[in-house]
Structure formats: structure tokens, C-alpha cells
Amino acid sequence: MRNLSVPAQRTSSRTPSPQQRSQGSTQPYLTELVPGSVYAYLQPRGGWCVSNAGVLVGEDGVTLIDATATYAGARRLEAEVRARTELPVTRVVLTHHHGDHHFGAGHFTGSTVIAHEETREAMARNGIDLPAIWPEAGWDEIALRLPDLTFTDAFTLHAGAVRAELLHHGTAHTTGDVVAWLPEHRILFAGDLTWSGCTPFVLMGSVEGSLEVLDTLKKLDPEVVVSGHGPVEGPEVLDRTAEYLRWIQHLAADGTAAGWSPLETARRADLGPYAELAEPERLVGNLHRAYAECEGRPRGVHLPLKDPLADMIAFNGGPLHCTV
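Residues numbered from 1 in each chain as written. Predicted model: local features only at pLDDT ≥ 70, side-chain atom pairs only at ≥ 80, totals over all residues. Heavy atoms only, no water.

### Concerning the sheet that holds strand β10 (residues 179–182)
Taking strand neighbours across the sheet as the criterion, the five strands line up as β8-β9-β10-β11-β12 in an open arrangement whose pairing is mixed. Both edges of this open sheet fall to β8 (154–159) and β12 (224–227), since each of them pairs with a single strand only. This sheet shows a mean twist of 20° between the axes of neighbouring strands, independent of strand direction. Direction of pairing for strand β11 (residues 187–191) relative to β12: parallel, over a ladder of four bridges. (Pairing = 2+ DSSP bridges. Helix = DSSP H or I, 4+ residues; strand = E, 2+ residues; numbered from the N terminus. Axes fitted to C-alpha atoms, helices over the stretch in contact; angles between N-to-C directions.)

### Considering helix α6 (residues 207–218)
The α-helix advances 3.6 residues per turn, and as a result positions three or four apart in sequence lie on the same side. Taking 1.5 Å of rise per residue, the 12 residues of α6 would be expected to cover 16 Å, and the 17 Å separating its terminal C-alpha atoms lies within 8% of that figure. Of all the positions in α6, only Val207, Gly209, Ser210, Leu211, Val213, Leu214 and Leu217 are classed as buried. In this structure, the buried side of α6 is in contact with β10, β11, α7 (236–258) and α9 (282–294). Measuring from the backbone nitrogen of glutamate 208 back to the side-chain oxygen at the start of α6 gives 3.3 Å, which picks out serine 206 as the cap. (Expected span 1.5 Å × (residues − 1). Buried < 20%, exposed > 50% of the residue type's maximum accessible area, 1.4 Å probe, protein only. Contact = heavy atoms within 4.5 Å. Polar contact = N/O pair within 3.5 Å; in protein donor to acceptor, adjacent residues only side chain to side chain.)

### Section: the packing of α7 against α9
For the pair α7 and α9, interaxial distance at closest approach is 9 Å and the crossing angle is 65°. Here α7 runs over α9; the crossing is right-handed. Along the contact surface, α7 presents Tyr244, Trp247, Ile248, Leu251, Ala252, Ala253, Gly255 and Thr256, while α9 presents Arg282, Leu283, Asn286, Leu287, Ala290, Tyr291 and Cys294. Its residues assigned to classes, the contact of α7 with α9 shows 11 nonpolar, three polar and one charged. (Left-handed = near helix turned anticlockwise from the far one by under 90°. Nonpolar A, V, L, I, M, F, W, Y, C, P; charged D, E, K, R; others polar.)

### What to know about a negative patch on the surface
On the surface, a cluster of negative charge is made up of Glu117, Glu118, Glu121 and Asp153. Examined against the element boundaries, glutamate 121 turns out to sit in helix α4 (residues 117–126). (Patch = residues over 30% accessible without salt bridge, like charges linked within 9 Å, V, L, I, M, F, W, Y side chains within 5 Å. Areas by Shrake-Rupley, 256 points an atom, 1.4 Å probe, with all protein chains shown as cover. Salt bridge = Lys/Arg side-chain N within 4 Å of Asp/Glu carboxyl O. Lys, Arg positive; Asp, Glu negative; His and termini not counted. Charge placed at Lys NZ, Arg CZ, Asp CG, Glu CD.)

### As for the sheet that holds strand β7 (residues 149–151)
With mixed pairing, seven strands are arranged side by side in an open sheet as β1-β2-β3-β4-β5-β6-β7. Both outer strands of the open sheet, β1 (29–34) and β7, are each paired with one neighbouring strand and no more. If you compare each strand with its neighbour and ignore which way they point, the axes differ by 20° on average. Sheet analysis places strand β5 (residues 89–93) next to strand β6 (residues 112–116), joined by three bridges and oriented parallel. In the sheet register, arginine 91 faces β6, and the bridge partner there is threonine 112. Where helix α2 (residues 71–82) meets the sheet, its contacts fall on β1, β2 (38–42), β3 (53–57), β4 (62–65) and β5, and the angle it forms with β2 comes to roughly 145°. Across the sheet, α4 lies against β6 and β7, angled at about 105° from β6, the strand it touches most.

### Side note on the nonpolar core
Trp134, Trp139, Trp247 and Leu283 are the most contacted members of the largest nonpolar core, which totals 55 residues. Elements with a contribution of two residues or more to this core: β10, β11, α6, α7, α8 (262–268), α9 and α10 (306–316). Among the elements that make up this core, the one with the highest residue count is α7 (nine residues). Here leucine 283 is in contact with Thr199, Tyr244, Trp247, Ile248, Leu251, Ala266, Leu271 and Phe315, once residues within four sequence places are set aside. Of all hydrophobic cores here, the second largest spans 23 residues; its members include Tyr29, Val162, Ala180 and Phe189. (Core = buried A, V, L, I, M, F, W, Y, C linked by side-chain atoms within 4.5 Å.)

### Section: the packing of α6 against α7
Where α6 contacts α7, the axes come no closer than 10 Å and their chain directions differ by 155°. In this view, α6 runs roughly antiparallel relative to α7, as classed from their interaxial angle. α7 is crossed by α6, and the crossing has left-handed handedness. In this structure, α6 uses Val207, Glu208, Ser210, Leu211, Leu214, Leu217 and Lys218 to contact α7, whose residues at the interface are Leu238, Asp239, Thr241, Ala242, Leu245, Arg246, Ile248 and Gln249. For the contact of α6 with α7, a count of residues per class yields eight nonpolar, three polar and four charged. (Parallel < 35°, antiparallel > 145°, perpendicular 65-115°, else oblique.)

Have a look at this one:
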């Protein structure tokens, strides 16, 4: 049986910008990636339900890549945009169906919401679901805003001189993940396909599929990667996310061979450097997905949330923390 320890984790080679260093707080902020046109909106407080976004400033309007978890969060994002341009938000691209990335979209009335067709179907099916999991988190008014425009494989949009290729490469974090790739600037808005400083989560997608998609994204040769959570990094975040997921596969193979449950396997595992990542309890949810794949179940097949959620709470030693 393999040792349930982890490989040494590489340190990020991307140095924080002066703006990032000067923040030193948990307040959201925009960091400029291309002068006057491309920004990352970062929420350093992190945690469940606290996600990043992207901002593309064109000639006639602003395109957002994700829209935060609440209308209050969307208003904070809008205020940061307004500090740089008076142009209206005309398009909102959703990277996937999890509400922490799209519940705020309804605030941007008059915009066109764009997503993968699987994302629209999942949004319609799930509705406003996160407040049922975290009723104490401080949710404000939310009205579900379904995408107006959907696609299957690829869609190109232009924000002034910036070309953004919206790409879907298969089931990974979810069944409908979309990245925004800016080829002229080698910037990748990866959504939750990559994770910077926090534990990856693939319960609603596929471990195998995520590894394949990460390999495809690596071939794009990005210089800057904006993850759905955590600071901006370089392409090393693709490798680190893949290393973690391969570790999950090894744990699942050994756990199923030994007859352990996902929770027991997680408790026996030596997290090593992964213990330093935020939300380590996601390990158990990932193992539920990896176990399903060891059993030959299809990628992205629905797994009821009840048991994985209970196991994550048990592994965490109490409720999962979320403050939107």
C-alpha cells in the first residue's frame, strides 16, 4: 500500500504586486493586469462562498467574469469598477454554476449573461441553494439570473482591443466550466479549475477530468492565472492543483483497496503541506468523487450532497465557515 503522504509542494514564483502587498487587509480590490483594460477583482478574505472576478474594460462597456455571491458583493465590485471607468457593465460571463460566482449577476440589470449550456441547466435546477447550507452567513436579497446566451465548446468576445476566448474543455470542477483566455496578453481567468492558497474542490465534477483539462490549459502557456479563489499567480498554480488531484487519486485507490470510507481515508492521510491550504475539509468531498470514479461511475454524475457534506463537517470538527 502506498504511503498516504504528499509530495513536496512548490512555492509560488509569482511575486505579489506593490498594490497587493499594500493591501494587507481582507477588503476586496482590483489589481491591474493590462493598463486600463484588464483587471482581477480579488477578495483576500477567502473562505467558502468568497470568490474572485475579472474585469475587462472595452470602448462601450465593461465585461465581468463572474459576479460574486450576493448583491452586496456585486455592489462592492461595481464600486471598484466605477473608480476606474463610468462605462456600464454590459456583459457578465459565468465560469460555472456555483452560486458564489453568479448570485450577484442579478444586480447588473441590462447586462447580457453568458455561460456554458450545462451551467444554465444546473443553475435552473439548483436555484438559490447556498443559503440552505449556510443560513447564518448573512445573505441579502438574491434573484436568480439565468444566462441569456449559452454555448457548448467555445465563444469569442471582444472588449475593445482585448480578445477573450471563452473555452469549455469538459467536466472538471463542474460539468460546465468555462475559462476566459486572453491570448494576446497570455492571461487566463481559470474560475475554479485552479486554486491559489486554498484546497481544490471537485465533488460536483471529476478528478480525472480536472487533470485532463489542467493539462490542456497548460498547453496554452499562460503567464498570468487568475483563480476563482486566492491571489493571482503564474502557471505554477496549474501544476500545484494537478499535484493535489493526483494525490487524491492515490488516496482513493488505497482507501478503496483497504475498504475504508472516504472519511476514514481522509483521517488517515498525512496532509503534509496541503494542511496549510484553506478549507482542508474539502479533501473528504474530493474523495467521495474519486471513490465514485474508482467504481467506474461517469464523470460529473450527480452525487447527493448529504453524505459528503456531513463528512466534511465531521472532518472539520464542526460547521463549515462561510461569511459572504
